[in-house]
Amino acid sequence: MTNTRFALITGASSGIGEACAVELAKKGKNLILLARRAEKLESLKSTLVKEYGVEVLVHVVDLVNIYEIESFFKGIADRDVDVLINNAGLALSKTPFEDYKWEDFDQMINVNIKAFTRVAQLAIPHLKKTKGHIVNISSIAGIEAYEGGSVYCASKAFVKMISKALRIDLIGTGVRVTDIAPGNVETEFSMVRFKGDREVADSIYKGYAPLSAKDIADTIVFALSRPENVNIEYLLIMPTAQASATRTHKV
Ligand SMILES: NC(=O)c1ccc[n+]([C@@H]2O[C@H](COP(=O)([O-])OP(=O)(O)OC[C@H]3O[C@@H](n4cnc5c(N)ncnc54)[C@H](OP(=O)(O)O)[C@@H]3O)[C@@H](O)[C@H]2O)c1
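Residues numbered from 1 in each chain as written. Predicted model: local features only at pLDDT ≥ 70, side-chain atom pairs only at ≥ 80, totals over all residues.

**Q** Quick question: what am I supposed to make of the nonpolar core here?
**A** Counting 63 residues, the largest nonpolar core has Leu 8, Ile 9, Ala 21, Leu 31, Leu 33 and Leu 84 as the members making the most contacts within it. Among the elements that line this core, the one with the most residues is helix α4 (residues 102-130), at eight residues. Those residues in contact with Leu 8 that sit more than four places away from it in its chain are Ile 32, Leu 34, Val 81, Val 83, Leu 84 and Ala 123. (Core = buried A, V, L, I, M, F, W, Y, C linked by C-beta atoms within 7 Å. Buried ≥ 20, exposed ≤ 12 C-beta atoms within 10 Å, placed from the backbone. Helix = DSSP H or I, 4+ residues; strand = E, 2+ residues; numbered from the N terminus. Contact = placed C-beta atoms within 7 Å.)

Have a look at this one:
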């Protein structure tokens, strides 16, 4: 990881994306941070610039809007990006398939699949130039379906499969592709999923030690810092007390 190049992190305003920004800044990496919440991004930027002296560019983009993604990439055309952490994503609700609000399905498909794909596609010319590294964030939900998880699980299976396909399409370019699949990580994820219901969101993480966002970020930094001939292709990272998508030992 060199100093004049940037890591682009989607969903950098909280959780895993924010933790990646912090851990990469500690290593002296310049950052391009993308999300919708400007204040969160600006406050993270001022902390990282002050504490680690890195260059941080903040871009407020709603990934649902493909044109915003395209204009964002036009704006960073002259930057050297050698890392993409394609992280932004969400689950909305946990409901039987037929009862789901279409708007929730639509939002998950737009962010987790469509925006994810367009971001990867537009980042590839940068990454080919720099022989860079794509880190995709899938999930345990991408390999195990669970009750009420339909479209979210399917969207994460998409991330897993497209990561494998990208490995094939990018062979010979020097670009590495890593798929990180976490189990339960305590972030804003459950507050978003349960639409601000703090009690339900907190219950997901009670009675055991979930993963922290930093646990995932540390692993991503490890994958990024392997020598050029080493590609960590897929890592499933679970809390010790979680053995499957639906089996968590709680005390
Ligand atoms: N937490 C877990 O247990 C867990 C487990 C497995 C996989 N994951 C995956 O990890 C990734 C990160 O999630 P997290 O746990 O860190 O959750 P989080 O704290 O809710 O972070 C999600 C990030 O995505 C951004 N985002 C969501 N919708 C967006 C949009 N329309 N446009 C731009 N940015 C958007 C959010 O920023 P703004 O709201 O500011 O836009 C936020 O920065 C997701 O892909 C998630 O599916 C999480």
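**Q** Would you take a moment to explain the packing of α4 against helix α5 (residues 150-169) for this structure?
**A** Between two packed helices, both the angle of their axes relative to each other and the distance between the axes serve to describe the pair. Running from amino to carboxyl end, α4 crosses α5 at an angle of 10 degrees, the nearest separation of the two axes being 9 Å. The angle between α4 and α5 falls in the class roughly parallel. Residue-level contacts link Phe 105, Met 108, Ile 109, Asn 112, Ile 113, Phe 116, Thr 117 and Ala 120 of α4 to Val 151, Tyr 152, Ser 155, Phe 158, Val 159, Ile 162 and Leu 166 of α5. For the contact of α4 with α5, the residue count by class is 12 nonpolar, three polar and no charged. (Axes fitted to C-alpha atoms, helices over the stretch in contact; angles between N-to-C directions. Parallel < 35°, antiparallel > 145°, perpendicular 65-115°, else oblique. Nonpolar A, V, L, I, M, F, W, Y, C, P; charged D, E, K, R; others polar.)

**Q** Explain the site of the ligand here, please?
**A** Around the ligand sit 30 residues, and of these Gly 11, Gly 15, Arg 36, Arg 37 and Gly 89 come closest. Counting residues per element, the ones that place at least two in the shell around the ligand are α1 (15-26) and α6 (189-193). Per-element accounting of the shell around the ligand gives the leading share, three residues, to α1. (Near = placed C-beta within 6 Å.)

**Q** What should I look at first to understand the pairing of strand β4 (residues 81-86) in this one?
**A** For a regular strand, the rule is simple: side chains alternate between the two faces of the sheet. Counting buried residues in β4 gives six out of six residues, a clear majority hidden from the surface. Sheet topology note: the strand β1 (residues 6-10)/β4 ladder contains four bridges and is parallel. Paired with Ala 7 across the strands is Val 83, a residue of β4. After leaving β4, the chain enters α4 and then returns to the sheet as strand β5 (residues 133-137), a path that is right-handed. (Pairing = 2+ DSSP bridges. Right-handed = clockwise from strand over helix to strand, strands pointing away.)

**Q** I'm lost on unusual backbone geometry in this one. Help?
**A** When glycine is set aside, most residues are seen to have a negative phi, and most peptide bonds are trans. Located in the positive-phi region is Ser 93, a residue other than glycine, with phi close to 70 degrees. The residue Ser 93 is located in the loop between β4 and α4 in this model. The class of Ser 93 is partly exposed, set by 18 C-beta atoms lying within 10 Å.

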